[in-house]
Amino acid sequence: MEPFIRNDQYNFIKEKGEHLISAYANVQDQGVLKAVKMLAVEKAEAVFEKQLDEEQGPLIKELEAITDRKELEAYLDKIKANVFSFPSITDKTLKKLFPKNKKVKLPSQDEMENTLSYLAWEELGSSSKLLIVPIGERLIGLQGGFQPAEKKGVCAICRKFGKVGLFTSKIKGHGAGTFTKRGNYICSDSFECNQQIQSLAYLMEFVELMRTK
Ligand SMILES: [Zn+2]
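Report follows, based on the coordinates.

The rules behind the values
Residues numbered from 1 in each chain as written. Predicted model: local features only at pLDDT ≥ 70, side-chain atom pairs only at ≥ 80, totals over all residues. Heavy atoms only, no water. Salt bridge = Lys/Arg side-chain N within 4 Å of Asp/Glu carboxyl O. Helix = DSSP H or I, 4+ residues; strand = E, 2+ residues; numbered from the N terminus. Buried < 20%, exposed > 50% of the residue type's maximum accessible area, 1.4 Å probe, protein only. Phe/Tyr/Trp six-rings, centres within 6.5 Å; stacked < 30°, edge-to-face > 60°. Lys NZ or Arg CZ within 6 Å of the ring centre and 35° of its normal.

What about the pattern of salt bridges?
(1) Moving on: Applying the stated criterion across every chain, the model contains nine salt bridges.
(2) Moving on: The partner of Glu62 in a salt bridge is Lys78, and the shortest N-O contact between them spans 2.8 Å. One end of the pair, Glu62, is in the loop between helix H3 (56-61) and helix H4 (69-80); the other, Lys78, is in helix H4, and 16 residues separate them in sequence.
(3) Moving on: The class for Lys78 is partly exposed, based on a relative accessible area of 42%.

Spelled out as structure tokens, the structure:
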């Protein structure tokens with residue numbers, strides 16, 4: 001089976017699995033459990049924009065058999081094989097994505113091996129963060145300032161509460177040579193953020209807001 005699950009969809013399915021485990025731990029009524037199972041599968045199927053085929057459909061439906069953590073972990077391991085991997089980035093692509101940054105370097109291989117919705121890393125000694133976001137067939141490179149916030153907050157990309165920092169980007173203004181600064185709080189730990197994203201909509205909004213046109 002070819003990969004057909006995006007990272008955000010995987011996270012969504014994982015959360016539905018968590019709901020099932022908690023229902024099994026807290027609910028005795030068989031009718032209620034049956035309804036919870038049906039709803040979990042229905043929601044998991046609905047995150048895919050297209051009709052699942054005869055192999056993909058049954059795999060997602062297997063979610064309804066989960067009753068405890070061990071089963072959930074086994075199921076997640078199984079579907080992980082069908083999650084798209086992050087596109088590999090060559091040096092040439094990297095330079096194209098960040099033309100103004102002459103010293104740009106990719107993060108370690110480990111970080112890139114995870115399933116990701118976006119790749120982000122901090123540049124040593126420059127308090128800036130770099131993001132590579134696949135949008136359809138294209139890759140978007142974003143570089144901005146990054147300052148850890150003193151208080152926890154809600155991340156603009158995954159919409160979860162946690163340790164965040166302010167990402168700032170300079171956008172060209174209307175007049176020649178003028179700039180405006182835009183900023184938004186995002187998770188300090190981008191790996192954690194990637195594990196929490198359940199929809200690409202906010203990531204797309206963030207990219208649109210922060211892009212230098
Ligand atoms: Zn986040």
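Having put the structure on the table, let's press on.
Quick word on the packing of aromatic side chains
(1) Moving on: Using the criterion set out here, one finds three aromatic pairs in the structure.
(2) Moving on: A ring pair is formed by Phe98 and Trp121, whose centres lie 6.2 Å apart and whose planes are at 85°; its orientation type is edge-to-face. Placement of the pair is Phe98 in the loop between helix H5 (91-97) and helix H6 (109-113) and Trp121 in strand E1 (residues 119-123), with a sequence separation of 23 residues. Across the pair, Trp121 and Phe98 agree in class, each one buried.
(3) Moving on: Above the face of the Phe146 ring, Lys129 is positioned so that its terminal group lies 4.5 Å from the ring centre.
(4) Moving on: A cation over an aromatic ring shows up here: Lys170 above the ring of Phe179, its NZ or CZ 5.1 Å from the ring centre.

Purely spatial values, then, with no claim about function.
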